[in-house]
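# Coordinate inspection notes
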Amino acid sequence: MECNGAISAHCNLCLPGSSNSLPHNKRVKPLSRVTSLANLIPPVKATPLKRFSQTLQRSISFRSESRPDILAPRPWSRNAAPSSTKRRDSKLWSETFDVCVNQMLTSKEIKRQEAIFELSQGEEDLIEDLKLAKKAYHDPMLKLSIMTEQELNQIFGTLDSLIPLHEELLSQLRDVRKPDGSTEHVGPILVGWLPCLSSYDSYCSNQVAAKALLDHKKQDHRVQDFLQRCLESPFSRKLDLWNFLDIPRSRLVKYPLLLREILRHTPNDNPDQQHLEEAINIIQGIVAEINTKTGESECRYYKERLLYLEEGQKDSLIDSSRVLCCHGELKNNRGVKLHVFLFQEVLVITRAVTHNEQLCYQLYRQPIPVKDLLLEDLQDGEVRLGGSLRGAFSNNERIKNFFRVSFKNGSQSQTHSLQANDTFNKQQWLNCIRQAKETVLCAAGQAGVLDSEGSFLNPTTGSRELQGETKLEQMDQSDSESDCSMDTSEVSLDCEHMEQTDSSCGNSRHGESNV
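Residues numbered from 1 in each chain as written. Predicted model: local features only at pLDDT ≥ 70, side-chain atom pairs only at ≥ 80, totals over all residues. Heavy atoms only, no water.

The name given to the protein in an unreviewed UniProt entry is Rho guanine nucleotide exchange factor 3, and the organism recorded there is Cercocebus atys. Within the UniProt record for the protein, the comment given under Function (unreviewed entry) is "Acts as a guanine nucleotide exchange factor (GEF) for RhoA and RhoB GTPases." The heading Subcellular location (unreviewed entry) in the UniProt record of the protein holds the text "Cytoplasm". (UniProt positions renumbered as here; feature names shortened; annotations may be inferred.)

If you want it as structure tokens, here you go:
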């Protein structure tokens, strides 16, 4: 999970009731292009998705750092009247079945029924949205030849196979519902059905590659135009295609919360309690397993897209990595964008480039072993920005949120001052690097702990042992400038041009990571 993509859990929110457009008599000349597209999109009942809470802090981010997700409005839509967005009504069990006070239900039992109904209603909404994604996006794009069948299969993955899975649970929940709308037992149903969710591993593991391909295809004006039209149509509820494709994962991580809520309002003497506890254990195990497989899939995906300028940059620590702790875009002290990967045992600094029409990551300098890496949290204003003009006109905002990573092994040495987007993002990077370093040192059997700056403390002497070069050497190198630096923020550079740039700089460069 990319550090800057970490999301905290939020409570479940329901969207307000539906809104209808006002009638009008104004005659509008139809646009033939829009009409033909609308005819190809089959009518689908569009009642809305609840805002699903995300309960896992994920270290990966499915957005592209260099490709904006928000599509620019098309010229044809600038003067168009805003369309009415359909909304899905919030439904409560007590309102849906007109529960009467005379039924003598306790407050706890009513809350239990509400929680069970929310589970059932969520399944209905999920099925509706998955069908919408296929009918309104997949099928029209295939029919219009906007994307090839192979590309659509990669982006949509095994989404089709998830629909009957959830239809089965919804059917069972409806079958046990009494005529008055109440449900007595759901535990046995959940214990029998939840193991089917193991099939989610293939869908979730495919999401990294699917998101990357979708972002790449958005550069095609036909794809961008189609998705923009869908986004502005009422059926989309202002959700883009990726929102719909990410719904299954969001639903998956919400199951433990839903089941705990039902269990919380289930009396101790109710036979359902034991089954609910078993169901919670099952879903927690499934979510953990899928999260692990998704992380491994993401790690493989990015390892396959690393470009090496020379054989000496290849490192066995990269090949053996199965987990990508975090990754994301950072800037060096010259304002140049770098894409940094923190694997289990190695930190890899790269530059994003376009190679064979794919976004790849070309290594910059040698990979840095985590066990030998020295991490330093820099105070705001401590870093000197490179370039005379930059230094003369720099402001306080440009010298904030820096941290330094350095490494020295014999004749090899590196020091990189890296800037995060904000304070939170910087702290995430610091935490991830410290945790990775501590894990590696513990695995190596070294006693001691890391201090707040990532230095190794010897428990016997109480002294600080820097894992790399000394602080004086760091400061000297942080002030030095490379004669072969190239100041650019463009990331979609041709790979061969980057090769020539690096070869002209030589392999013995020291000091800051001035690109």
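## Section: the overall build of the protein
Counting its secondary structure elements, the protein contains 17 helices and 13 strands. Considering only intrachain contacts with a sequence separation of at least 6, the fraction spanning at least 24 residues in the protein is 75%. Roughly 25400 Å² of accessible area belongs to the protein as shown, and the carbon and sulfur atoms make up 50% of that amount. (Helix = DSSP H or I, 4+ residues; strand = E, 2+ residues; numbered from the N terminus. Contact = heavy atoms within 4.5 Å. Areas by Shrake-Rupley, 256 points an atom, 1.4 Å probe, with all protein chains shown as cover.)

## Considering helix α4 (residues 149-156)
Since one α-helical turn is 3.6 residues long, residues separated by three or four positions face the same way. Every buried residue of α4 is listed here: E151, L152, I155 and F156. Within α4, the buried residues cover an arc of 115 degrees as seen down the axis, which keeps them to one side. α4 presents E149 and Q150 as exposed residues on the side facing more than 90 degrees away from its buried surface. In this structure, the buried side of α4 is in contact with α3 (107-143), α5 (159-175), α7 (200-205), α8 (207-217) and α10 (241-245). G157 sits one or two residues past α4 and shows a positive phi near 55 degrees. (Buried < 20%, exposed > 50% of the residue type's maximum accessible area, 1.4 Å probe, protein only. Arc of directions from axis to C-beta.)

## Structural notes on the pattern of salt bridges
Pairs may arise between side chains of opposite charge once their charged atoms sit close together. The tally for this structure, following the rule as stated, stands at 23 salt bridges. Among the ionic pairs, K134 bridges to D160, the shortest N-O distance being 3.6 Å. Residue K134 is located in helix α3, and its partner D160 is located in helix α5; the two are separated by 26 residues in the primary sequence. Given a relative accessible area of 26%, K134 falls into the partly exposed group. The salt bridge partner of R322 is E296, with a shortest N-O separation of 2.5 Å. (Salt bridge = Lys/Arg side-chain N within 4 Å of Asp/Glu carboxyl O.)

## Focus: the packing of aromatic side chains
Two aromatic rings are characterised by how far apart their centres lie and by the angle between their planes. This model, assessed by the stated rule, comprises eight aromatic pairs. Pairing Y137 with F235 gives two aromatic rings, centres 6.2 Å apart and planes at 70 degrees, and the pair type is edge-to-face. On the criterion of sequence distance, the pair formed by Y137 in helix α3 and F235 in the loop between α9 (221-231) and α10 is long-range, its members being 98 residues apart. With relative accessibility at 14%, the residue F235 sits in the buried group. Members of the aromatic cluster, each reached through a chain of ring pairs, are Y301, Y302, F341, F343 and Y361. In this arrangement the basic side chain of K211 is found over the ring face of W242, its NZ or CZ atom lying 5.9 Å from the centre. (Phe/Tyr/Trp six-rings, centres within 6.5 Å; stacked < 30°, edge-to-face > 60°. Lys NZ or Arg CZ within 6 Å of the ring centre and 35° of its normal.)

## Structural notes on the environment of F156
If you trace the backbone, F156 turns up in helix α4. Residues F156 and Q207 lie 51 residues apart in sequence; the distance between their C-alpha atoms is 8.7 Å. If sequence neighbours within four positions are ignored, F156 has contacts with A133, Y137, H138, M141, Y203, L241 and L245.

## Here's the deal with the nonpolar core
Counting residues in hydrophobic clusters, the biggest one holds 61 residues, and the most contacted among them are Y137, M141, F156, L190, L197 and Y200. Looking at this core element by element, the count peaks at 11 residues for α3. Once residues within four sequence positions are removed from consideration, Y200 is found in contact with L126, L162, L165, H166, P248, R249, L252 and I290. C326, A420, C432 and V440 belong to the second largest nonpolar core, which has 23 residues in total. (Core = buried A, V, L, I, M, F, W, Y, C linked by side-chain atoms within 4.5 Å.)

## Brief notes about the environment of T423
Along the chain, T423 falls in helix α15 (residues 423-443). Here T423 falls in the exposed class, since its relative accessible area comes to 57%. Each C-alpha atom, one on T423 and one on N401, is 5.8 Å from the other, the two residues being 22 residues apart in sequence.

## Looking at the pairing of strand β5 (residues 358-363)
Pairing geometry for strand β1 (residues 306-307) and β5, over two bridges, is parallel. By the bridge assignment for β5, L307 is matched with Q362. Here strand β4 (residues 346-355) pairs with β5 via six bridges, running antiparallel. Within β5, the position partnered with V353 by the bridge is C360. (Pairing = 2+ DSSP bridges.)

## Some details on unusual backbone geometry
Peptide bonds are trans in most cases, and residues, glycine excluded, mostly fall at negative phi. Although it is not a glycine, R237 adopts a positive phi angle of roughly 55 degrees. By the secondary structure assignment, R237 is in the loop between α9 and α10. In this structure R237 comes out as buried when scored by relative accessible area, which is 9%. The backbone of R365 shows a phi angle near 70 degrees, a positive value even though the residue is not glycine. Along the chain, the position of R365 falls in the loop between β5 and β6 (368-369).

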